[in-house]
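Per-entry structural report
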Amino acid sequence: MREAIVPIRRRKTIRLVVEPFRRRTTNINPQLTLVAGFLMIVAIGTVLLTLPFSSESGEFTSFPDALFTATSATGTVGLVVVDTATHWSRAGQVVILVLMEVGGLGFMGGAIVLFLALGRTITIHQRRVFQESLSLRKIGGVPRLARRLIIFTLLVEGIGALLLFAQITSDPTITTEDPAWWSATFHAVSAYTGSGFDLMGGFHSLQGAALKPLFLLTMMAMIIPGDLGFLVVLDLLGRRGFSRLSMETKIILSANFVLWPLAALGFFVLEFANAQTLGEMPLVHKITNSIFQAVTVRNAGFSTVTFAQVGQLTLVFFMVFMVIGAASASMGGGLKVNTLGALVAGMRAGLLGRPHAEAFGRTVSPDRIYVAVTLLLLYGAWIAIAVPIVFALQSLSSQLIPSLFDSISALGPIGLSTGVPASLSLWGKIFMSILMFVGRLGPLTVALALLRRSNRASLRTYPVGDLRVG
């Protein structure tokens, strides 16, 4: 009798110990996994960039400079404190390229494809993290979606690299510090991921190609899909006609078709007579450069003019577009045009006295409106905190508007700069690295956490109280 009971008790004891452990390991917060994953990637990139083989001089790179560059590349920002073309060796540039690719795709996208290639099973938790990173509504079909994302990315970057290679080799006036094949590949990845890194040299971004409309058009053709997001492109390819598109795709397209022309027109008018930017260009190049800057101001951060010489009114005008940013689940950052759409829908409902926010014949759920308002307030709070700190941590004489512009660019993350990063002190570089990291992951993880909590919220209600508004 005793021998029959003992094994049963042991099995029960083991079950009581193991099952809670399994529950704890499978309920890991996906947002925490995203943050930890990106932190790990930034840490690895920082270590690699500090080593002598990553620098052109063969010497160690300082920790703040390596950290800043790794964070900027992983966050697809594009702000730099050392010249990418001349400071980093080919190996260092490869590290930056890999960081841009991983940061743009999301580390879980690449990890899932790697697991599939190795024949490993994708766990539910990994599917959930990938779902969170792309703001998906369900986890079904995640491996197939990850494969399609990688294939589409490589296809766009491959075609773009070939087009850029043909232009660089055929036009000797397009000068780069590296061989044509490498420059074309690097710029293709940088454009599609919206990273804004370049190999033109001298901190000049794409100013050397300002009078090359075909080069700028090729870059825009790679930036725009990354700006819209893979899911929007997939929706456009899978359905015929605007009326059949999802509400989210309609909002994103409508917003972009308003924001792009508005930004181009504003830059054209404000900088038309500025001899340091558009003033000396022929009319056709003024138009093409204005369109190019309108496309890059909310995502890629490339520039064909020196933004340190752009008028302050133009800087303030462009800050609005940098705050808005790209689409959700895209390569870009910012508040996202989806958030703008939710805010506009809520405002429209308030002005018209309607009980529900609507867009394109669909109701926008209240929890999306709450999250949009929360993100707007959090974003404003981060800017209010960041600007005085960035202003104070510059080693050279600083001005408020450039400090505000570059802080929003880092939080965007956009990459346009008036030159503030180069004048930052050691602690200034570290703080702006934190700012870029928060800009890339902060709004996303906050939105996901809020939506998750709203879905699990209790049904408890309270009596309605009076509140004066306005």
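Since this is a predicted model, take the numbers as computed values, not measurements.

Let us look at the nonpolar core. Phe215, Met219, Phe307 and Phe318 are the most contacted members of the largest nonpolar core, which has 103 residues in total. Not counting residues up to four positions away in its chain, the partners in contact with Phe307 are Phe267, Gln293, Leu315, Phe318, Phe405, Leu416, Ser417 and Thr418. Membership of the second largest hydrophobic core comes to 9 residues, among which are Ile251, Ala357, Val364 and Ala372.

Contact geometry for helix H14 (residues 312-324) and helix H17 (residues 400-411): axes closest at 10 Å, N-to-C directions at 20°. It follows that H14 is roughly parallel to H17 by the angle criterion. For H14 against H17, the interelement crossing comes out left-handed. Facing H14, whose interface residues are Gln312, Leu315, Val316, Phe318, Met319, Met322 and Val323, H17 presents Ile401, Leu404, Phe405, Ile408 and Ser409.

This paragraph deals with a nonpolar patch on the surface. On the surface, Met40, Ile44, Leu48 and Phe53 cluster together into a nonpolar patch covering about 370 Å² of accessible area. Of note, Phe53 is situated in the loop between helix H2 (30-50) and helix H3 (63-74). Residue Phe53 is classed as partly exposed on the basis of its relative accessible area, which comes to 43%.

Tallying each qualifying case throughout the model produces 14 aromatic pairs. Aromatic pair Phe257 and Trp260: ring centres 6.2 Å apart, planes at 80°, arrangement edge-to-face. Of this pair, Phe257 and Trp260 are both found in helix H12 (residues 247-271), 3 residues apart, which corresponds to roughly one turn of the helix. A relative accessible area of 58% means that Phe257 is categorised as exposed.

What follows covers unusual backbone geometry. With an omega of -15°, the peptide bond between Gly412 and Pro413 qualifies as cis. Among the structural elements, Pro413 can be located in the loop between H17 and helix H18 (426-455). Phi at Phe203 takes a positive value of approximately 60°, unusual for a residue other than glycine. Relative to the assigned elements, Phe203 resides in the loop between helix H9 (180-192) and helix H10 (213-228).

A word on the pattern of salt bridges. The tally for this structure, following the rule as stated, stands at 5 salt bridges. Note that Asp171 is salt-bridged to Lys212, the shortest N-O span being 3.1 Å. A residue pair is termed long-range when its members are at least 10 positions apart, and Asp171 in the loop between helix H8 (142-170) and H9 and Lys212 in the loop between H9 and H10 qualify at 41 residues. Here Asp171 and Lys212 have matching classes, each one buried. One salt bridge connects Arg354 with Glu358, and the closest N-O pair in it is separated by 3.5 Å. Given a relative accessible area of 36%, Glu358 falls into the partly exposed group.

Inspection of the secondary structure puts Leu270 in helix H12. In the structure, Leu270 is positioned 41 residues away from Gly311 in sequence and 7.7 Å away in space, judged by C-alpha atoms. Contact partners of Leu270, with chain neighbours within four places excluded, come to Leu313, Thr314 and Phe317.

Bringing the side chain of Thr46 into the picture now. Position of Thr46 among the secondary structure elements: in helix H2. Taking relative accessible area as the criterion, Thr46 reaches 5% and is therefore assigned buried. If near-sequence neighbours (up to four positions away) are discounted, Thr46 is found in contact with Phe63, Ala66, Leu67 and Ala70.

Of all residues in the chain, 78% have pLDDT values of 70 or greater, and the mean over the chain is 82. Taken element by element, the chain is modelled with least confidence in helix H1 (residues 2-26), mean pLDDT 43, and with most confidence in helix H13 (residues 283-296), mean pLDDT 95. Across residues 1-26 the pLDDT falls below 50, and counting only partners more than four positions away or on other chains, this stretch makes 2 contacts in the model.

What counts and what doesn't
- Residues numbered from 1 in each chain as written.
- Predicted model: local features only at pLDDT ≥ 70, side-chain atom pairs only at ≥ 80, totals over all residues.
- Heavy atoms only, no water.
- Core = buried A, V, L, I, M, F, W, Y, C linked by side-chain atoms within 4.5 Å.
- Buried < 20%, exposed > 50% of the residue type's maximum accessible area, 1.4 Å probe, protein only.
- Contact = heavy atoms within 4.5 Å.
- Axes fitted to C-alpha atoms, helices over the stretch in contact; angles between N-to-C directions.
- Helix = DSSP H or I, 4+ residues; strand = E, 2+ residues; numbered from the N terminus.
- Parallel < 35°, antiparallel > 145°, perpendicular 65-115°, else oblique.
- Left-handed = near helix turned anticlockwise from the far one by under 90°.
- Patch = residues over 30% accessible without salt bridge, like charges linked within 9 Å, V, L, I, M, F, W, Y side chains within 5 Å.
- Areas by Shrake-Rupley, 256 points an atom, 1.4 Å probe, with all protein chains shown as cover.
- Salt bridge = Lys/Arg side-chain N within 4 Å of Asp/Glu carboxyl O.
- Phe/Tyr/Trp six-rings, centres within 6.5 Å; stacked < 30°, edge-to-face > 60°.
- pLDDT = per-residue confidence, 0-100.

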